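Each chain, letter by letter, is given below.
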Amino acid sequence: EKYAVKCGGGWNHRSDLSSGILIKDNHLQASGSVQKAVQKLKKTQLKLPIELEVETLTQIEEGLKIDVDGFLLDNMTPEKTKIAVKMIRSAENGEAIFIEASGGITLEKLPNYLDTGINAISIGAITHSAQNADIRLEFI
């Protein structure tokens, strides 16, 4: 699926687990907070970019305080996405922070996110809902 996205003009910024670290909501729950999750990662000496999945503006504030490399804005409306982007971009080094929108974004909703200031949009339907082509060869 990732190759198909590339062939179709898309871009995969996370090819596999060695491309970067994505801290998701279940990691935050297990760690207890954004700060604790990132501190644990930084102790491992891994030199990978850290992207933080956030659902609230408070989580963005926490992520900015501990210097994450990127944010995945999960299930945010285009309006809330614009507010989140403004918060991130106005922070120190905010222009260098990678911002991705994800969750509930369909091809139909995609145009609503184009002017929000994000760097990337994840649309799961491109990969998990793709129809397979029947290319079998049968001998009779």
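Up top is the structure these notes are about.
Residues numbered from 1 in each chain as written. Predicted model: local features only at pLDDT ≥ 70, side-chain atom pairs only at ≥ 80, totals over all residues. Heavy atoms only, no water.

Student: Honestly, the environment of Y113 in this entry has me stumped. Any pointers?
Tutor: Take Y113: it is sitting in the loop between β4 (98-102) and β5 (120-121). For Y113, a relative accessible area of 5% translates into the label buried. Spatially, the C-alpha atoms of Y113 and I97 are 18 Å apart, while their sequence positions differ by 16 residues. Beyond its immediate sequence surroundings of up to four residues, Y113 is in contact with M76, T77, P78, T81, A101, I105, I118 and I121. At 2.7 Å, the side chain of Y113 forms a polar contact with the backbone oxygen of M76. (Helix = DSSP H or I, 4+ residues; strand = E, 2+ residues; numbered from the N terminus. Buried < 20%, exposed > 50% of the residue type's maximum accessible area, 1.4 Å probe, protein only. Contact = heavy atoms within 4.5 Å. Polar contact = N/O pair within 3.5 Å; in protein donor to acceptor, adjacent residues only side chain to side chain.)

Student: Honestly, the side chain of Q59 in this entry has me stumped. Any pointers?
Tutor: Residue position: Q59 is located in helix α4 (residues 57-65). According to the relative accessible area criterion, Q59 is buried, its value standing at 18%. In contact with Q59, not counting residues within four places along its chain, are L28, V34, L52, V54 and F71.

Student: What is the right way to look at the pairing of β4 in this model?
Tutor: Regular strands place their side chains on alternate faces of the sheet. In terms of burial, β4 is largely enclosed, as five of its five residues are buried. A two-sided burial pattern is seen for β4, the buried positions comprising F98, E100 and S102 on one face and I99 and A101 on the other. Inspection of the sheet shows strand β3 (residues 70-74) paired to β4 by five bridges, in the parallel sense. Looking at the pairing, L73 lines up with A101 of β4. Handedness of the crossover joining β3 and β4 through helix α5 (residues 78-90): right-handed. One ladder, built from two bridges, connects β4 with β5; its direction is parallel. Opposite E100, over in β5, you have A120 as the bridge partner. (Pairing = 2+ DSSP bridges. Right-handed = clockwise from strand over helix to strand, strands pointing away.)

Student: Help me understand the sheet that holds β4, please; the structure alone is not making it clear to me.
Tutor: Neighbouring strands of a sheet are bound in pairs by backbone hydrogen bonds; such pairs are parallel or else antiparallel. Sheet architecture is open: five strands sit in the order β1-β2-β3-β4-β5, paired in parallel fashion. Each edge of the open sheet carries a strand with a single partner, namely β1 (21-23) and β5. Where β1 and strand β2 (residues 50-54) come together, three bridges link them in parallel fashion. By the bridge assignment, I21 is partnered in β2 with I50. With respect to the sheet, α5 is in contact with β3 and β4, its orientation differing from that of β3 by roughly 165°. (Axes fitted to C-alpha atoms, helices over the stretch in contact; angles between N-to-C directions.)

Student: What exactly am I supposed to notice about the packing of α4 against α5 here?
Tutor: The geometry of a pair of packed helices is captured by two quantities: the angle between their axes and the separation between those axes. The interhelical angle for the contact between α4 and α5, taken along N-to-C directions, is 20°, at an axis separation of 10 Å. Taken together, the axis directions place α4 and α5 in an arrangement best described as roughly parallel. α4 and α5 meet at a crossing whose hand is right-handed. Within the contact between the two elements, α4 uses L57, I60, E61 and L64 and α5 uses K80, I83, A84, M87 and I88. (Parallel < 35°, antiparallel > 145°, perpendicular 65-115°, else oblique. Left-handed = near helix turned anticlockwise from the far one by under 90°.)

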